[in-house]
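Structural overview for review
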Amino acid sequence: MGSEAPRLRRGTILCVGNELHGDDGFGPAVHAALQAGPLPPGVRLHRADLGSPSTLGHLEHSDHLIVVDALRGFGPPGSVHLQDAWPLAEACLADAAPAGLHAAGLGQLLGTWAHLDARRPQVTLIGVEITPPRPYHPGLSPTVAARLPLVLEHIQALLS
């Protein structure tokens, strides 16, 4: 996965996940941390479930969307990945996504968007590789929780 992404000047940060399922709560943890401080003008912060059709609205009203989510299938737990999300969508649509990919929901979301609208806003995925989700066990594993400061640094770099 690449480590370069354009800076966010106007758009949305979308934090995805479920804090009731162990490391799947990484996106909500990032959302909580970002809520504590001011965001630049023109930048919106939302928390969502990618399975929701309302998530498409975040693409409709953004020139750049940053999606923070948990990943599976990209490396060891705790590894942080920053990439353009459109190739992920193409891999999911071609059924070529890595096995166990937790972010396949993002690929399906972007694939749906591509069928609805020819405009492709910039979509940057910032993900952390998680341990297997633990249904109804809130709290991040120490390995994943330790990556929160690095992900916040990546987001700040995109905002500056």
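Now for a description of the structure that goes with this document. (Residues numbered from 1 in each chain as written. Predicted model: local features only at pLDDT ≥ 70, side-chain atom pairs only at ≥ 80, totals over all residues. Heavy atoms only, no water.)

1. Quick look at the overall build of the chain
Secondary structure assignment for the chain yields 6 helices and 5 strands. Overall, the chain shows an N-to-C arrangement of helices and strands of β-α-β-α-β-β-α-α-β-α-α. Every one of the 160 residues in the chain was classed for burial, and the buried ones make up 44%. Within the chain, contacts between residues separated by at least 24 positions form 80% of all contacts whose residues are at least 6 apart in sequence. For the chain, the accessible surface area stands at approximately 7600 Å², while carbon and sulfur atoms represent 56% of it. (Helix = DSSP H or I, 4+ residues; strand = E, 2+ residues; numbered from the N terminus. Buried < 20%, exposed > 50% of the residue type's maximum accessible area, 1.4 Å probe, protein only. Contact = heavy atoms within 4.5 Å. Areas by Shrake-Rupley, 256 points an atom, 1.4 Å probe, with all protein chains shown as cover.)

2. A look at helix H6 (residues 148-159)
Taking 1.5 Å per residue, 12 residues should reach 16 Å; H6 reaches 17 Å between its end C-alpha atoms and fits that length. When we look at burial in H6, the residues that qualify are Leu 148, Val 151, Ile 155, Leu 158 and Leu 159. Looking straight down H6, one finds that the buried residues subtend no more than 100° of arc, so they occupy a single side. (Expected span 1.5 Å × (residues − 1). Arc of directions from axis to C-beta.)

3. As for unusual backbone geometry
One non-glycine residue, Tyr 136, lies in positive phi territory at about 60°. You can see Tyr 136 is positioned in the loop between strand S5 (122-129) and helix H5 (142-145). Overall, Tyr 136 belongs to the exposed group, its relative accessible area being 65%.

4. Topic: the pattern of salt bridges
Overall, the coordinates contain 1 salt bridge when judged by the stated rule. One salt bridge connects Glu 19 with Arg 47, and the closest N-O pair in it is separated by 2.2 Å. Placement of the pair is Glu 19 in the loop between strand S1 (11-16) and helix H1 (26-35) and Arg 47 in strand S2 (residues 43-48), with a sequence separation of 28 residues. Arg 47 gets classed as partly exposed once you look at its relative accessible area, which sits at 41%. (Salt bridge = Lys/Arg side-chain N within 4 Å of Asp/Glu carboxyl O.)

5. Looking at the nonpolar core
Core analysis: the largest hydrophobic core is formed by 20 residues, its most contacted members being Ile 13, Phe 26, Val 30, Val 68, Ile 126, Val 151 and Ile 155. Contributing elements (two or more residues each) for this core: S1, H1, S2, strand S3 (64-71), S5 and H6. Broken down by element, this core gets its largest block of residues, 5 residues, from H6. Formed by 18 residues, the second largest nonpolar core is a distinct cluster that contains Val 16, Leu 59, Val 123 and Leu 125. (Core = buried A, V, L, I, M, F, W, Y, C linked by side-chain atoms within 4.5 Å.)

6. Comments concerning the sheet that holds S2
Strand pairs in the sheet, formed through backbone hydrogen bonds, run parallel or antiparallel to each other. Spatially, 5 strands are ordered S2-S1-S3-S5-S4 in an open sheet, and the strand pairing comes out mixed. Two strands lie at the open edges of the sheet, namely S2 and strand S4 (80-84), each paired on one side alone. Here the strands of the sheet are splayed against their neighbours by 20° on average, with no regard to which way each runs. The pairing of S4 with S5 spans 5 bridges and is classified as antiparallel. Across the sheet, the residue bridging to Gln 83 is Leu 125, located in S5. (Pairing = 2+ DSSP bridges. Axes fitted to C-alpha atoms, helices over the stretch in contact; angles between N-to-C directions.)

7. Things to note about the packing of H1 against H6
Two numbers describe how H1 lies on H6: the axes approach to 11 Å, and their chain directions differ by 60°. With respect to H6, the axis of H1 lies oblique. Between H1 and H6 the crossing geometry is right-handed. On H6, the residues touching Phe 26, Ala 29, Val 30, Ala 33 and Leu 34 of H1 are Leu 148, Val 151, Leu 152, Ile 155 and Gln 156. Of the residues in the contact of H1 with H6, the class split is 9 nonpolar, 1 polar and no charged. (Parallel < 35°, antiparallel > 145°, perpendicular 65-115°, else oblique. Left-handed = near helix turned anticlockwise from the far one by under 90°. Nonpolar A, V, L, I, M, F, W, Y, C, P; charged D, E, K, R; others polar.)

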